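What follows is each chain in one-letter form.
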Amino acid sequence: MSASPAMPRKQLFSIIGLTLVYLLFELAFNARLLDVVGGTATQDQIHHIEIYGRSLSGAAVGLLVMQWLLGRRNASKNQSPSGMTILLAVAASGILTYGVLKVIVDTAVANSSASFRRASLNIVLVQRALVQGTVELDGLTDDAKLFAQPAGKAFLAQFPLMATSIDRLDEKIRNAKLTLITTQVSEALGQAGGFYNNQYLTAVKATQEKWQRYSKAPSAQDLDGEIAKQQDKAWSEYLNDLGRRGWTPSTVPGMARGAVLRKVRSRVPVPSNWDLADEATFRDAVAAKVRKRAGAATGGPKGLTVHGQRLAPGLGWNAFFTHPGVQAELRDQLHLPAGVSLQSAYSSGAEFQREVFDPMVKRLAQDELTRYDAPVDDFANGGKLAERGLDAARLALVPPLALLFSLLGAMTHLGKLSYLGVKGVLGWKPHWGERITHVWPVLIGVVAMIWITLSWTENAVTQSRLYDYMRQQMRDSAQPTVTSQAWKWLQTNGLHVVAVGQDLGYPLFEGIRTQVLGGITYGYEESHH
């Protein structure tokens, strides 16, 4: 078979340019992805960074398809496929790749076992504690700043997936689990100071405004006097309005009666068929209005009802605030556990933390612990914690997969770029050009060379006792079949390549992101920024 004709130099350098642009964005994304997955990213942040990753992978495949189809077009002397066909094929391949990667990740998460989901929930807890420095792992490293470095971030990204294979994992983290959950709950509430200044003081202010409305309303014994006063005032205003037009209730012209009635009803809730001269019905309507207004504040003569409990009229601020009904309402608003009693003011932040915040955090942490320790069946499809388990499984699976896809895309196009570079330099020499016509052997050779090199390279993390232990635990979890053992070996090898590759490449990739691409964020802003 004769070699296909050489690619035109203009076309060749156009593809080189597109590949370089893709690599800049892919490598910058790789650095940003490591920041995301090596930190305490939320589900929403992981979801958005996934979209960028799948889009870039789609672009990577689209570039390969474009080069392949251009080669076919050159071979047919620009007859087939057409330019439009190539454009549509590139777009379709990119969209298909995006969809396939989404299906791969979604399927892996959906097919995860209940035990994996439960283990993932617990491991993600430990991972976040590692990032925040609230826990240390024996046998990892003595470098306190490790998790701010590329090697440490890459390890954190892989940690959930590796740790789920550890034998008797639950026993090994049981003692630290409640402490970690307590810390997590406390931080979610904004710590004692944040909770006091935001949620607590806001709730006190709202309760005080309710008490002020309650205290300004007439008491039960004064209600009759207030009703009589408002009745006289309203009837007098009604008569004065009519008198300015020279009318009395009995002499209002027929054509004006509708307008007068509408004006009265805007102030007093008289019936729609009210007789303009019916003073008794008018006064009854005024009385109903006064009672309703008083009842909104005090519940009328029987008192205000709060959280199903009645408050008698006339309570002072402290008596109002400490009433069981008001306290129950405050606990609901602040999501406090039963039994916590609030005061309207505290002498110090330490007193508030001791009497309110710490008991609340302890109770909430104990409740949360029951979910982490729930039976495995609760995490199965249809179980009461299935959704929580799926979220945890996604957090465990997506980071290493996303890093692997990104690294593979970068290595593939670095291989392609090497091929194109050689073509650009030697392609005009027929003897040499015929030997480098096919791209795939070059791509495979470059990727294999990089992969093998990274497989034999070590760093501070991969040389640690803990990493070696976790890697061995993953391999030991394989079934006693050649296929299962080979798959586990490939998994651990892939994780090793990611750990080392990210460590070596991050400084360059981050430099591209910040210096070449102007600090592109890919939709993720680190909290300290």
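Please refer to the structure higher up on the page.
Participant: Which parts of the structure should I look at to understand helix α7 (residues 191–216)?
Facilitator: Turn by turn, an α-helix covers 3.6 residues, leaving residues three or four places apart pointing in a common direction. Helix length check: α7 (26 residues) gives 37 Å between terminal C-alpha atoms against 38 Å at 1.5 Å per residue, within 8%. Taken as a whole, α7 carries its principal kink of about 30° at Tyr200. Of the residues making up α7, those classed as buried are Ala192, Phe195, Tyr200, Ala203, Val204, Thr207, Trp211 and Tyr214.

Participant: Even after reading the chapter, I still don't get the packing of helix α5 (residues 150–163) against helix α17 (residues 465–476), so can you show me in this structure?
Facilitator: For any two helices packed against each other, one specifies the crossing angle of their axes together with the interaxial distance. As a packed pair, α5 and α17 sit with axes 10 Å apart at the nearest point and diverge in direction by 40°. Compared by their axis directions, α5 and α17 come out oblique. For the crossing formed where α5 meets α17, the hand is left-handed. On α17, the residues that touch Phe155, Gln158, Phe159, Met162 and Ala163 of α5 are Leu466, Tyr467, Met470, Arg471 and Met474. Class assignment of the residues belonging to the contact of α5 with α17 gives a composition of eight nonpolar, one polar and one charged.

Participant: Would you mind showing me how to read the side chain of Thr19 here?
Facilitator: Note on placement: Thr19 falls in helix α1 (residues 9–37). Judged by relative accessible area, which is 0%, Thr19 ranks as buried. In this structure, Thr19 is in contact with Leu63, His413, Lys416, Leu417 and Leu420, ignoring residues within four places of it in sequence.

Participant: Teacher, can you tell me more about the environment of Ile227 here?
Facilitator: Looking at the secondary structure, you find Ile227 in helix α8 (residues 220–243). Distance in space between the C-alpha atoms of Ile227 and Lys289 is 8.9 Å, their sequence separation being 62 residues. Setting aside residues no more than four positions away along its own chain, Ile227 makes contact with Ala287, Val290 and Arg291.

What counts as what
- By convention here, each chain's residues receive numbers from 1 onward along its written sequence.
- In keeping with the predicted nature of the model, local features appear solely for residues at pLDDT of at least 70, side-chain atom pairs appear and are counted solely at 80 or more, and the whole-chain, interface and lining totals rest on all residues.
- In computing side-chain properties, one takes all heavy atoms of the structure into account and sets aside hydrogens as well as water.
- By the criteria applied, helices consist of DSSP H or I runs no shorter than four residues and strands consist of E runs no shorter than two, each listed in order from the N terminus.
- Helices are assigned an expected span. That span is 1.5 Å times one less than the residue count.
- Fitting one axis to the seven residues ending at a residue and another to the seven starting there, the bend at that residue is the angle between the two axes.
- Accessible area is worked out with a 1.4 Å probe on protein chains only. A residue is then buried under 20% of its type maximum, exposed over 50%, and partly exposed in between.
- Helix axes are fitted to C-alpha atoms over the stretch in contact, other axes to C-alpha atoms as well, and angles between N-to-C directions run from 0 to 180 degrees.
- Here roughly perpendicular refers to angles of 65 to 115 degrees, roughly parallel to angles under 35, roughly antiparallel to angles over 145, and oblique to all remaining angles.
- The handedness criterion is simple: a crossing whose near helix is rotated anticlockwise from the far helix by less than a right angle is left-handed, and one whose near helix is rotated clockwise is right-handed.
- The contact criterion used is simple: two residues touch if any of their non-hydrogen atoms lie within 4.5 Å.
- Throughout, the ten residues Ala, Val, Leu, Ile, Met, Phe, Trp, Tyr, Cys and Pro are labelled nonpolar, Asp, Glu, Lys and Arg are labelled charged, and all others, Gly among them, are labelled polar.

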